[in-house]
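Survey of secondary and tertiary structure
Each chain is listed here by its residues.
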Amino acid sequence: MAVFAYLLLSVGADLLDIADVFIRSGGSIVECREHLQSKRRDQLFRYYIAQYSSSSSTNELEVKMSSESLDSCDFAYHESPTSPGSISLDKSSSTEVVYTLENITEVSPGLSFVISGSILLTCERFSINLMLKNSDLALHFNPRLPQNYIVRNCRVKGVWGKEEVASPLSFNLHRGQKFKIQILVTDKEFLMCVNGRHFNTFKHRLPYRKICALEVKGDVKDVNVEQVYVETYPDIALEEIRQISKENFTLPEISDAHYKLMPYTGRLAEPFTNGKNLHIRGRIKLLPHSFYVNLQSNHRVWPHPNIPFHLNPRFGNVGGKHVICRNSWLNGKWDREERSENLTDFMPGKTFHLKIACTDVSYQVYLNEKLIAEFIFRDNPKLVETVYIQGDIKVFDVTLESAY
């Protein structure tokens with residue numbers, strides 16, 4: 001456990017999947033770290049070859065690489081637009097203000113800030129700050145690329161609050177690439193979308209209506225900010241869940257080479273009603289805490305959709321038992337939770353087949369063909385249009401088995 005914790009802190013929590021592959025194939029943590037470092041060094045080597053192939057030998061490039069680090073260098077080397085073939089230096093500073101939007105007049109629920117730009121090749125970090133008149137920060141959004149996580153915080157009278165760093169979304173900001181970040185103001189929290197995918201929330205700690213400016217600092221360039229009021233969030237393209245009739249239904253083979261982006265959001269082509277089965281094939285991660293499956297009315301994060309069925313297996317209990325929680329979100333709040341503690345086939349690193357069967361009165365949950373839970377309807381199952389999956393699993397396939 002301690003070794004894994006060290007790995008996560010030193011190379012980033014979103015690399016756990018890479019560690020999974022190494023461990024399951026017999027590799028060591030040290031080999032995993034060496035592989036990741038080699039991969040990053042190889043990317044830098046290819047970059048230098050592209051830039052200097054006409055004037056530098058391979059040996060010179062190797063010497064240059066050995067004296068610089070992607071994590072600590074202060075300059076980005078690129079071809080000068082005014083003098084092709086020459087080298088210019090793009091100085092980066094994680095504290096330099098690169099963009100300021102002032103005189104934000106009316107901040108109310110539904111206001112969305114869309115920040116876009118390019119990340120420098122030497123980026124260590126950058127930040128987006130929503131500011132009040134007294135320089136307090138209602139939101140400090142701070143991606144840190146060497147660590148592969150994003151800090152969220154606030155600042156009151158020069159004092160930082162408690163940082164938030166956890167997120168279900170894998171880190172998807174990369175040096176040398178463009179970025180697009182959306183921050184939506186709601187009545188209770190900020191919602192954040194990174195490169196087209198909902199990232200996380202941050203509950204208000206300061207009065208959001210007093211926000212008067214937005215600034216961008218750090219190792220980015222070509223920054224642009226748009227303000228727009230929206231009625232729904234986020235605006236994403238959905239994967240349509242594959243539907244197969246019962247007579248033609250077969251489970252696909254599982255392959256680690258093909259899995260869904262997480263969190264997963266899929267659209268049902270028709271309502272999930274009596275006689276239909278939802279099949280989810282996947283694998284539990286090596287250090288699982290929990291995961292959940294929502295059968296919900298739509299794919300939106302805001303306004304909050306109704307969730308007729310929320311299934312939430314939780315791991316870590318002594319003796320191999322797992323807590324299986326069931327609930328629904330109706331009329332703007334969670335309803336009464338049902339839970340059971342069972343011995344199940346859920347095991348770290350192991351594949352699973354989860355089936356949710358819709359009957360005339362309930363959802364029945366099967367794990368590897370064994371019934372593990374049931375949930376009596378609290379809302380009309382015809383309202384379910386979207387399947388949302390999040391947590392400590394990999395998902396390989398989601399399929400709807402129709403009764404006809």
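Cut-offs and rules
Residues numbered from 1 in each chain as written. Predicted model: local features only at pLDDT ≥ 70, side-chain atom pairs only at ≥ 80, totals over all residues. Heavy atoms only, no water. Pairing = 2+ DSSP bridges. Helix = DSSP H or I, 4+ residues; strand = E, 2+ residues; numbered from the N terminus. Axes fitted to C-alpha atoms, helices over the stretch in contact; angles between N-to-C directions. Contact = heavy atoms within 4.5 Å. Core = buried A, V, L, I, M, F, W, Y, C linked by side-chain atoms within 4.5 Å. Buried < 20%, exposed > 50% of the residue type's maximum accessible area, 1.4 Å probe, protein only. Salt bridge = Lys/Arg side-chain N within 4 Å of Asp/Glu carboxyl O.

A word on the sheet that holds strand β10 (residues 189-194). Spatial strand order, β11-β10-β9-β4-β13: 5 strands in an open sheet with antiparallel pairing. Edge positions in the sheet fall to β11 (197-203) and β13 (220-229), since each of these pairs with one other strand and no more. If you compare each strand with its neighbour and ignore which way they point, the axes differ by 20° on average. Examined bridge by bridge, strand β4 (residues 111-119) and strand β9 (residues 178-185) share 7 bridges and lie antiparallel to one another. Paired with Ile 115 across the strands is Ile 181, a residue of β9.

A few words on the environment of Cys 193. Considering the arrangement of structural elements, one finds Cys 193 in strand β10. Not counting residues within four places of it along the chain, the set of residues in contact with Cys 193 comprises Lys 180, Ile 181, Gln 182, His 198, Phe 199, Tyr 233 and Pro 234.

This next bit is on the nonpolar core. Of all hydrophobic cores here, the largest spans 38 residues; its most connected members are Phe 113, Ile 115, Phe 126, Ile 183, Phe 190, Ile 211 and Leu 214. Setting aside chain neighbours within four positions, we find Ile 183 in contact with Leu 111, Ser 112, Phe 113, Ile 115, Ile 128, Leu 130, Leu 139, Phe 190, Leu 191 and Met 192. Counting 33 residues, the second largest nonpolar core, distinct from the first, contains Leu 295, Phe 315, Phe 352 and Leu 354.

As a further point, take the pattern of salt bridges. This model, assessed by the stated rule, comprises 15 salt bridges. Residue Glu 338 pairs with Arg 336 through a salt bridge whose shortest N-O separation is 3.8 Å. You can call Glu 338 buried: its relative accessible area is 19%. On the basis of relative accessible area, Arg 336 is assigned to the exposed category, the value being 53%. Residues joined by salt bridges that share partners form a network here, namely Arg 326, Asp 335, Arg 336, Glu 338 and Arg 378.

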